[in-house]
Amino acid sequence: MIQLTINGQLQQFEAPINVAQLIDHLDLHGKRIAIERNGEIVPRSLFSEQMLAHGDQLEVVVAVGGG
Amino acid sequence: MDNLVIAGKTYNSRLLVGTGKYKDFDETRAAVEMSGAEIITVAIRRTNIGQTAGEPNLLDVLPPSKYTLLPNTAGCYTVDDAVRTLRLARELLDGHSLVKLEVLGDPKTLYPNMVETLKAAEILIKEDFQVMVYTSDDPIIAKQLEDMGCVAVMPLASLIGSGMGILNPWNLQIIIDNANIPVLVDAGVGTASDATIAMELGCDGVLMNTAIAAAQKPVLMASAMRKAVEAGREAYLAGRMAKKLYSASPSSPTDGIITPAPPSAARSA
């Protein structure tokens with residue numbers, strides 16, 4: 001079991017997952033998003049390689065209207 | 001052609017617009033299109049986990065293929081928040097490095113914290129971002145931001161979202177006179193004449209959001225703003241006449257008047 005904090009919310013996963021699997025789990029596949037893991041950008045090219053670890057802090061962002 | 005050049009890229013429009021505060025994406029798109037803006041600001045925010053399935057995305061409405069997106073750091077009060085936000089933005093926008101930096105100092109006024117802004121600008125420039133920077137209208141700070149490598153300085157005309165217009169044209173004038181990079185008024189424009197005045201002062205462009213989005217008819221105001229910026233720019237390039245209390249130099253010929261003018265009228269005609 002691993003526990004991740006995603007956009008400030010705790011989520012638990014039975015088995016270790018990588019970033020691409022997390023994106024699928026969150027229903028965000030194919031969406032224009034960017035991800036930061038523990039303060040560092042996760043490049044899109046590394047989504048399938050980068051495994052997430054217990055306690056990771058993730059930020060998943062989109063572009064919204066703003067001035 | 002009289003174009004706006006920022007970081008080596010040429011733009012036809014000197015009006016930059018924000019995309020916030022519209023009632024829906026249709027209105028956002030209509031207003032942006034009507035404004036003629038080529039550079040549009042966007043904010044970077046956490047996605048609503050589990051609540052966004054099928055929800056339209058701003059980037060589908062205003063695609064990066066059509067517009068130069070300018071991600072901002074609105075809502076950031078620290079160097080770290082601003083820098084992290086723009087790193088995320090660059091990843092989100094496939095390496096696009098033109099950004100709008102603002103580090104706010106106070107939630108009541110949204111006045112920029114220039115000490116933090118200078119620190120954030122330094123980090124971002126080292127990381128090869130092209131930084132358009134929101135600043136107070138302090139001519140010394142504006143010059144420092146230019147010297148450190150910002151690609152445009154964007155002093156406030158008045159507070160963000162206030163619509164109070166240009167409160168200190170003299171400071172803006174000094175900033176413009178000193179600058180070797182584009183100066184854009186960012187924040188405070190309330191109506192078309194404010195934008196025109198900014199351009200007449202010699203600003204290279206104007207960035208606005210609320211003045212259009214909070215108008216009763218945003219799309220019509222977007223049209224007004226496009227014309228206002230163009231009119232102000234042309235007036236600046238044309239070079240206005242000198243201001244005189246009176247000139248004793250009428251526009252019509254003084255000879256051939258069918259009745260001779262009385263001496264008092266002749267003096268003042």
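The written sequence of each chain sets the order in which its residues are numbered from 1. For naming, the first written chain is A and the first written ligand is 1, with later ones following in the order written. A pLDDT threshold of at least 70 governs which residues receive local features in this predicted model, and a stricter bar of 80 or more applies before side-chain atom pairs are shown or counted, although totals over entire chains, interfaces and linings include all residues. Working from all heavy atoms in the structure, the side-chain values ignore hydrogens and water.

K.L.:
Mind laying out the state of the cysteines, listing which residues take part and the relevant values?
P.N.:
The definition used for a disulfide is geometric: two cysteine sulfur atoms within 2.5 Å. Under the criterion given, the structure shown has 0 disulfides over all chains. Between Cys150(B), a cysteine without a disulfide, and Cys76(B), which holds the nearest cysteine sulfur, the sulfur-to-sulfur distance is 16 Å.

K.L.:
Tell me about the packing of aromatic side chains, residues and numbers included.
P.N.:
All names here are of chain B. Ring pairs shown here join Phe, Tyr and Trp side chains whose ring centres sit within 6.5 Å, with only the six-membered ring taken for Trp; geometry is labelled stacked below 30 degrees between planes, edge-to-face above 60, and tilted in between. In total, this model carries 0 aromatic pairs over all chains according to the counting rule given. Seen from the ring of Phe129, Arg90 lies directly overhead, with NZ or CZ sitting 3.7 Å from the centre. When the NZ atom of lysine or the CZ atom of arginine is within 6 Å of a ring's centre and also within 35 degrees of its normal, the charge is said to sit over that ring. The cationic tip of Lys100 hangs over the ring face of Tyr134; the distance from NZ or CZ to the ring centre is 5.7 Å.

K.L.:
I'd love a proper account of the side chain of Arg14(B), names of residues and values included.
P.N.:
All names here are of chain B. As for its position among the elements, Arg14 is in the loop between strand S2 (9-11) and strand S3 (15-18). Overall, Arg14 belongs to the buried group, its relative accessible area being 6%. Here the side chain of Arg14 touches Asp2 through a polar contact of 2.9 Å, side chain to side chain. Residues in contact with Arg14, not counting those within four places in the same chain, are Asp2, Asn3, Leu4, Met199, Asp204, Gly205, Val206, Val229 and Arg233. Only DSSP runs of H or I with at least four residues qualify as helices, and only runs of E with at least two residues qualify as strands; both kinds are numbered from the N terminus onward. Here the term buried applies to any residue with accessible area under 20% of the maximum for its type, exposed to any over 50%, and partly exposed to those in between, with areas from a 1.4 Å probe on protein chains only. Pairing of N or O atoms within 3.5 Å defines a polar contact, subject to two protein rules: one partner must be a possible hydrogen donor and the other a possible acceptor, and residues neighboring in sequence count only if both atoms are side-chain atoms. Every residue pair with non-hydrogen atoms within 4.5 Å of one another is taken to be in contact.

K.L.:
So, helix H3 (residues 79-92) of chain B: which residues are in play, and what are the values?
P.N.:
Residue and element names in this part refer to chain B. An expected span of 1.5 Å times one less than the residue number is assigned to each helix. Taking 1.5 Å per residue, 14 residues should reach 20 Å; H3 reaches 20 Å between its end C-alpha atoms and fits that length. Those residues of H3 lying buried are Val79, Ala82, Val83, Thr85, Leu86, Leu88, Ala89, Glu91 and Leu92. Phi turns positive one or two residues past the end of H3, at Asp94, with a value near 60°.

K.L.:
Give me the lowdown on the packing of helix H7 (residues 192-200) of chain B against helix H9 (residues 218-238) of chain B, citing residues and values where you can.
P.N.:
Residue and element names in this part refer to chain B. The axes are straight lines fitted to the C-alpha atoms, using for helices just the contacting stretch, and the angles between their N-to-C directions are given from 0 to 180°. Packing of H7 against H9 leaves a shortest axis separation of 7 Å and a crossing angle of 25°. The angle between H7 and H9 places the two elements in the roughly parallel class. Here the hand of the crossing between H7 and H9 comes out right-handed. Contact with H7, carried on its side by Ala192, Ala195, Thr196, Met199 and Glu200, involves Ala224, Met225, Ala228, Val229, Gly232, Arg233, Ala235 and Tyr236 of H9 and no other residues of that element. Any residue that is not Ala, Val, Leu, Ile, Met, Phe, Trp, Tyr, Cys, Pro, Asp, Glu, Lys or Arg is counted as polar, Gly included; the first ten are nonpolar and the last four charged. Residue composition of the contact of H7 with H9, grouped by class: 9 nonpolar, 2 polar and 2 charged. In these notes the angle categories are as follows: under 35 degrees is roughly parallel, over 145 is roughly antiparallel, 65 to 115 is roughly perpendicular, and the rest is oblique. Take the far helix as your reference; a near helix turned counterclockwise from it by less than a right angle gives a left-handed crossing, and one turned clockwise gives a right-handed crossing.

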